[in-house]
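# Observations on the model geometry
Here is how the chains run, residue by residue.
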Amino acid sequence: MLNAIWTFMLAAGVLVAAVQGRVGAVTDALTASAQDSVQLIFSFIGILVFWTGLARVAEAAGLVDVLARALQPVLRPLFPSIPRGHPAFGSIVMNLAANVLGLGSAATPLGLKAMSELQSLNPDSRTATPAMCTFLAINTSSVTLVPTTMIALRAAAGSLDPAAIVGSTLAASAVATGMALTLDYLARRRVERGAGRRG
Amino acid sequence: MRGGGGEPVFIEFLQLISVWAIPAMVLGIPAYGLWRGVKVYEVFVEGAEEGLRLAFRITPFLLGILVALGVFRDTGAMHLLLSGFTPLTSWLGVPPEVLPMLLIRPLSGGASLGLATEIMKTHGPDSFVGLLASTIQGSTDTTLYVLTVYFGSVGVTRVRWALPVGLAADVAGFFGAVYFCYRLFG
């Protein structure tokens, strides 16, 4: 599906520009967005490097293990394929905590740490495991208690009540996460049943 | 406080947490590590080096997606696709101003943030569409970006059902935002 969407975006862009007689716009868009991507990567390298380092300290100090053991009972039903006591639980907990608190800059490095733990359990390094899909279902729909960025932007735009959106955001976010977890559960079950029949 | 359900103390408490969480971790993690006898600085540098490798590993994945998205958006193809959806969504009660966010929110966090800011500038942050746009922006993460960065960091290219699930959640979140904003602010 990713392959299809990727090709579709490029092809649609070229065709629309060609039909409108300004195919040169494709080259401009390409150059500009390639530059923008590198700038984006540079803008987050610093914070990524810092949090990966701090996460390693937390791990060496045993903090990740404590978190993992404490919250394992809650997470186990969502990630049945991760062995009991595996460090992946600790990284997943840290990432979800950072997400819920709206700490985007810390959430991504901690999430990448969790992904590398999950990858160590992966028999086929190019293909996503069900645990990875569940983890991303939670992350892409992200339950955020305080949408800090939006509140700040609303205040900057002169809002009389910047935090008015907290309730509606939490409700809409819960709908998104509920949908993500339900569909993920159904997809996971279908795959497991298929594997059971074959094996 | 409008629509907050009369819980300003709760909200203030949450905001306090989100302001203090990072400073608390920056204080607590190294201090606890030092107390446990960890060579904190050396371990930090070791982990940070892995972060640098990670950034380079993500680069091709992110660049591939962002360039395709740039071509799709800047040539006007995205706008054309959106105008095809207008009759259906206006029938569902979606204000035309926020409709582009349905397509843009899962694809590009920066672009949809720009759109939300523009809507607030034009209609005011406390107008119905202003509140709706901020709710849509805050209620989900950028699916395509998260998938690219997370899977890219470990070199996974077959993402299986993660993409359709993420996109379906975005659509659900969008219509959830429309529904709850009508209930709270409409």
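Anything mentioned here points back to the structure above.
Computed from a predicted structure; not experimentally measured.

## Description of the overall build of chain A
A count of helices and strands for chain A gives 8 helices and 0 strands. Beginning at the N terminus, the succession of helices and strands in chain A can be written as α-α-α-α-α-α-α-α. Compactness check: chain A gives a C-alpha radius of gyration of 21 Å against a globular reference of 16 Å for 199 residues, more than 25% above the reference. Referenced to the eigenvectors of the C-alpha coordinate spread, the extents of chain A come out at roughly 60 × 55 × 35 Å. The buried share of chain A, taken over its 199 residues, is 48%. Of the roughly 8900 Å² of accessible surface on chain A, 66% is carried by carbon and sulfur atoms. The positive charge centre, built from 14 side chains, and the negative charge centre, built from 9, are 11 Å apart in chain A.

## Some thoughts on the overall build of chain B
Within chain B, the secondary structure is distributed over 8 helices and 0 strands. Against the compact-globule benchmark of 16 Å for 186 residues, chain B has a radius of gyration of 21 Å, which places it well outside the compact range. For chain B, the C-alpha atoms occupy an extent of roughly 65 × 45 × 30 Å along the three principal directions. Long-range pairs, those at least 24 residues apart, make up 66% of the contacts in chain B with a sequence separation of at least 6. For chain B, the computed accessible surface area is about 8500 Å², with 68% contributed by carbon and sulfur atoms. Here chain B contributes 11 positive and 12 negative side-chain charges, whose respective centroids are spaced 7 Å apart.

## Examining the nonpolar core
In this structure, Phe-79, Ile-92, Met-115 and Leu-118 of chain A together with Val-98 and Phe-151 of chain B are the most contacted members of the largest nonpolar core, which totals 103 residues. Take this core: its biggest share by element is 13 residues, from helix 2 (residues 40-74) of chain B. A domain split of this core shows at least three residues from each of domain 1 (1-38) and domain 2 (50-185) of chain B. The contact partners of Phe-79 of chain A, leaving out residues within four places of it in the chain, are Phe-89, Ile-92, Ala-131, Thr-134, Phe-135 and Ile-138 of chain A.

## A short note on empty space enclosed by the protein
All names here are of chain B. Taken as a whole and judged by the stated rule, the model has 2 cavities of 30 Å³ or more. Taken as a whole, the largest cavity spans an internal volume of roughly 50 Å³. Forming the walls of the largest cavity are Met-101, Leu-102, Arg-105, Pro-106, Ile-136, Ser-139, Thr-140, Asp-170, Gly-173 and Phe-174. At the level of elements, helix 4 (99-107), helix 6 (128-139) and helix 8 (162-185) are the ones that each hand at least two residues to the lining of the largest cavity. Per-element tally for the lining of the largest cavity: the top contributor is helix 4, with 4 residues. When grouped by side-chain class, the residues that make up the lining of the largest cavity number 5 nonpolar, 3 polar and 2 charged. There is about 30 Å³ of room inside the second largest cavity.

About the criteria used
- Residues numbered from 1 in each chain as written.
- Chains lettered and ligands numbered in written order.
- Predicted model: local features only at pLDDT ≥ 70, side-chain atom pairs only at ≥ 80, totals over all residues.
- Heavy atoms only, no water.
- Helix = DSSP H or I, 4+ residues; strand = E, 2+ residues; numbered from the N terminus.
- Rg over C-alpha atoms; globule rule 2.2 N^0.38 Å.
- Buried < 20%, exposed > 50% of the residue type's maximum accessible area, 1.4 Å probe, protein only.
- Areas by Shrake-Rupley, 256 points an atom, 1.4 Å probe, with all protein chains shown as cover.
- Lys, Arg positive; Asp, Glu negative; His and termini not counted.
- Charge placed at Lys NZ, Arg CZ, Asp CG, Glu CD.
- Contact = heavy atoms within 4.5 Å.
- Core = buried A, V, L, I, M, F, W, Y, C linked by side-chain atoms within 4.5 Å.
- Domains from an automatic or database assignment.
- 1 Å grid on protein atoms, 1.4 Å probe; cavity = no way out; pocket = protein on both sides within 12 Å on 5 of 7 lines; lining within 4 Å.
- Points joined across faces, edges and corners; volume = space filled by probe spheres on them.
- Nonpolar A, V, L, I, M, F, W, Y, C, P; charged D, E, K, R; others polar.

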